[in-house]
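Chain residues, written in single-letter form:
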Amino acid sequence: MKALVAVKRVVDFNVKVRVKADGTGMDIANVKMSMNPFDEIAVEEAVRLKEKGVVTEVIAVSCGTTASQETLRTAMAIGADRAILVETAEELQPLAVAKLLKAVADKEQPQLVILGKQAIDDDANQTGQMLAALANWPQATFASKVELADGKATVTREVDGGLETIAINLPAVVTTDLRLNEPRYVTLPNIMKAKKKEITTMTPADLGVDVAPRLKTLKVSEPPKRSAGIKVGSVAELVDKLKNVSKVI
Ligand code: AMP
């Protein structure tokens, strides 16, 4: 059984990004880029399923510029067997990525596609759901446990206030939540091994997908600055301020 894992190159989660002065987007020139953290969890899960003998091949897919090769090498250092780069310099929105992943899935015929629940740059939380809809496959989002057996996936999902366990037929789409696993550290020998693994490159046109953006960003702005707090002298003063100044009670 093949597992396809979608990995996106995003600004590293430690970087504090700034809004461009003209409000058209984020300034990401010269900042550190890494694999989207939820996608690391996705690769780790696929590799664990392979180590358990449930999955036979793990294929990492990334859509973006040539630089995404680096992200794919990381996926292969974690343990993916090979990689596919859908190369384009165009801005890719979730619907375009879902269409590209659907086209790759049509070629590769995986039984499972694992994605992160959300990319930490656009925070869209859409690609997995759109892929499931386009492929007409069942989906289990926000997974914190995945078990595969007898053509089915039993997936525990993190929902508001608890956990939900569902069984879905394969092929299926699963998106990862934070508690699914803790990704392993990539070791130097595995980084070296990953250099020898294969990356196949194709373009959206090769896959017959039009990736033109459908949404237009009107404005990006910083969250409002927090104003300084004050010290109150008594509970009565606190209640008074909450009632009459901030008007929250
Ligand atoms: P989003 O819907 O943008 O929040 O992204 C959800 C997930 O879709 C990510 O965690 C990735 O697994 C996958 N994904 C989004 N964009 C890309 C991309 N350009 N290349 C590969 N996978 C992607």
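Residues numbered from 1 in each chain as written. Predicted model: local features only at pLDDT ≥ 70, side-chain atom pairs only at ≥ 80, totals over all residues. Heavy atoms only, no water.

Before going further, it helps to spend a moment on the packing of helix 3 (residues 94–108) against helix 4 (residues 127–135). In a pair of packed helices, the angle between the axes and the distance between the axes together describe the arrangement. Running from N to C, helix 3 and helix 4 point in directions that differ by 50°, and their axes come no closer than 8 Å. Taken as axis vectors, helix 3 and helix 4 run oblique relative to one another. Relative to helix 4, the crossing made by helix 3 is right-handed. Taken together, the residues of helix 4 that come into contact with helix 3 (itself represented by Pro94, Leu95, Val97, Ala98, Lys99, Leu101 and Lys102) are Thr127, Met130, Leu131, Leu134 and Ala135. In terms of residue class, the contact of helix 3 with helix 4 is built from nine nonpolar, one polar and two charged. (Axes fitted to C-alpha atoms, helices over the stretch in contact; angles between N-to-C directions. Helix = DSSP H or I, 4+ residues; strand = E, 2+ residues; numbered from the N terminus. Parallel < 35°, antiparallel > 145°, perpendicular 65-115°, else oblique. Left-handed = near helix turned anticlockwise from the far one by under 90°. Contact = heavy atoms within 4.5 Å. Nonpolar A, V, L, I, M, F, W, Y, C, P; charged D, E, K, R; others polar.)

The subject of this paragraph is the nonpolar core. Burial of nonpolar side chains together is a common tendency in soluble globular proteins. Residues Val7, Val43, Leu112 and Leu148 are the most contacted members of the largest nonpolar core, which totals 37 residues. In contact with Leu112, not counting residues within four places along its chain, are Lys2, Ala3, Leu4, Leu49, Leu148, Leu170, Ala172 and Val174. Residues Val61, Val113, Ala132 and Trp137 belong to the second largest nonpolar core, which totals 27 residues. (Core = buried A, V, L, I, M, F, W, Y, C linked by side-chain atoms within 4.5 Å. Buried < 20%, exposed > 50% of the residue type's maximum accessible area, 1.4 Å probe, protein only.)

With omega at 0°, the peptide bond leading from Leu170 into Pro171 counts as cis. Phi at Asn125 takes a positive value of approximately 55°, unusual for a residue other than glycine. With respect to the secondary-structure elements, Asn125 resides in the loop between strand 8 (112–116) and helix 4. Although it is not a glycine, Phe142 sits at a positive phi angle of roughly 55°. Here Phe142 lies in strand 9 (residues 139–149).

With that settled, the discussion passes to the pattern of salt bridges. Overall, the coordinates contain 18 salt bridges when judged by the stated rule. Two residues, Asp122 and Lys8, come together in a salt bridge whose shortest N-O distance is 3.6 Å. Of the two residues, Asp122 sits in the loop between strand 8 and helix 4 while Lys8 sits in the loop between strand 1 (2–6) and strand 2 (9–11), which places them 114 residues apart along the sequence. Overall, Asp122 belongs to the partly exposed group, its relative accessible area being 35%. Two residues, Lys32 and Asp12, come together in a salt bridge whose shortest N-O distance is 3.4 Å. (Salt bridge = Lys/Arg side-chain N within 4 Å of Asp/Glu carboxyl O.)

For the rest of this paragraph, the subject is the site of the ligand. Neighbouring the ligand are 19 residues, the closest being Asp39, Ala119, Asn125, Gln126 and Thr127. Ala6 places a main-chain nitrogen or oxygen 3.0 Å from an oxygen atom of the ligand. Take Gln126: an N or O atom from its main chain is 2.8 Å from an oxygen atom of the ligand. Protein burial of the ligand: of its 480 Å² of free accessible surface, 98% is covered by the chains. (Near = heavy atom within 4 Å. Polar contact = N/O pair within 3.5 Å; in protein donor to acceptor, adjacent residues only side chain to side chain. Areas by Shrake-Rupley, 256 points an atom, 1.4 Å probe, with all protein chains shown as cover.)

A separate point is the sheet that holds strand 8. Overall, mixed pairing links the nine strands, which are arranged 11-10-9-12-8-1-6-7-13 in an open sheet. Since the sheet does not close on itself, it has two edges, and those belong to strand 11 (162–169) and strand 13 (199–202), each with one partner. Going across the sheet, the axis of each strand differs from the next one's by a mean of 30°, ignoring polarity. With eight bridges connecting them, strand 10 (residues 152–159) and strand 11 associate as antiparallel partners. Pairing of Val155 across the sheet is with Ile166, part of strand 11. Running over the sheet, helix 1 (residues 37–51) touches strand 1, strand 6 (57–64), strand 8, strand 9 and strand 12 (172–176) and is turned about 150° from strand 8. (Pairing = 2+ DSSP bridges.)

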